[in-house]
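# Per-entry structural report
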Amino acid sequence: MRDVLKPLSRVVDCDALREEYERKPLAQVVAELEENSRDGFSLEVKRVDDRWLYFIAGKSGGFFWPSYLTAYFYCAKQLWLQHLLKATVVGERGLRCLARGVKAHKIYARYLEGRGLPVEKEVHVHGVFNGVEVDGYIDLLAEGVPVEVKSGYKEHLGHRLQAMLYAVLVGSRTAYIVYPHRVVHVAVDEGLLGVYVQRVLKVIGLREPPPEPPAKRNSRGERVKPCDTCEVRVLCAKYPSKFKTWDSFLAHIGELPRGDRCLNCPHLEYCRAFKARHEARPCMSHQRLLKV
Ligand code: SF4
């Protein structure tokens, strides 16, 4: 199977696909999403301040959805809002991206079938991982191995964790993620998966919203804040977070960089931010606190 899997851009012209979905009338985009919806499609359009937002009702049934792992890595606050409002909230760009993703899955499935690899599409999976009841849909299942197709270029750990969870649910030790420019082989790491499933559960169980995510490096190495381009910012701003930093939020949900030894550390509020800048945690750095 490994030889048959090719990057998405070798199967479809990704730029043309992007343009197609940027130009397509919005009503057609919605109709495509509706047509391809797995268990009913409920879309509400609401005006929030000066923006139209699209609320796609979720049918989670109270289960843990593997896509939560991807959502967490994009923005924990958006994940929290999704859980609170029982809906995925997107702007027009997000809606077009969702429809483009569905089209990409279909094209890729046809490509695999054309190469003699039978695939099952939109495979419903339900099971228990570490005592957590999980429910979701795998893009494609080929020879019992999950294949996730991403039409966006950005890669992150959330995608790999989501693929791992699908693999666990179908009894596979591996999965693949097809990106526009490469195919990533994912080996299941149940320890890592368990850590992040628990972290996501803590986030969606919070009464208070998480803080804005920290700046990340883009493909050009520039530091960018996800909030600066976020389409749901108008809605998000109505749920201010009491957490001042990402570190203080992680400490609140019990995610301590070095375990219990961090509990009384004076650097806890900025430990990860310090490490991102200086490559060592404050307690392991040669720098010392100034006593004033
Ligand atoms: S504005 Fe920022 S914190 Fe809010 S949902 Fe968007 S990315 Fe997340």
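Remember, it's a predicted structure, so these values are computed and weren't measured experimentally. (Residues numbered from 1 in each chain as written. Predicted model: local features only at pLDDT ≥ 70, side-chain atom pairs only at ≥ 80, totals over all residues.)

Here five strands make up an open sheet; going across it, the order is β4-β5-β6-β7-β8 and the pairing mixed. The sheet is open, and its two borders are formed by β4 (119-129) and β8 (183-187), each paired with just one other strand. Within this sheet the neighbouring strands show an average axis-to-axis angle of 35°, counted without direction. The pairing of β4 with strand β5 (residues 132-142) spans 10 bridges and is classified as antiparallel. Note on β5: the bridge partner recorded for H124 is Y137. On top of the sheet, helix α5 (residues 92-114) reaches β4, β5, β6 (145-149) and β7 (174-178); it is set at about 55° to β5, its chief contact. (Pairing = 2+ DSSP bridges. Helix = DSSP H or I, 4+ residues; strand = E, 2+ residues; numbered from the N terminus. Axes fitted to C-alpha atoms, helices over the stretch in contact; angles between N-to-C directions. Contact = placed C-beta atoms within 7 Å.)

Around the ligand lies a shell formed by C75, K77, Q78, E212, P213, P226, C227, C230, V232, R233 and C236. Those elements that provide at least two residues to the shell around the ligand are α4 (76-85) and α8 (233-236). Residues of the shell around the ligand, tallied by class, amount to seven nonpolar, one polar and three charged. (Near = placed C-beta within 6 Å. Nonpolar A, V, L, I, M, F, W, Y, C, P; charged D, E, K, R; others polar.)

By the assigned domains, the chain splits into domain 1 (8-117 + 193-199) and domain 2 (257-292). Domain 1 and domain 2 are separated by 38 Å when their C-alpha centres are compared. (Domains from an automatic or database assignment.)

A separate point is the nonpolar core. By size, the foremost hydrophobic cluster in this structure holds 56 residues, and its most contacted members are Y72, Y108, M164, L165 and V178. At eight residues, the largest contribution of residues to this core is made by helix α6 (residues 157-169). Those residues in contact with V178, other than ones at most four positions away along the chain, are L5, P7, L8, Y108, V147, E148, V149, K150 and V183. Membership of the second largest hydrophobic core comes to five residues, among which are F243, W246, F249 and A251. (Core = buried A, V, L, I, M, F, W, Y, C linked by C-beta atoms within 7 Å. Buried ≥ 20, exposed ≤ 12 C-beta atoms within 10 Å, placed from the backbone.)

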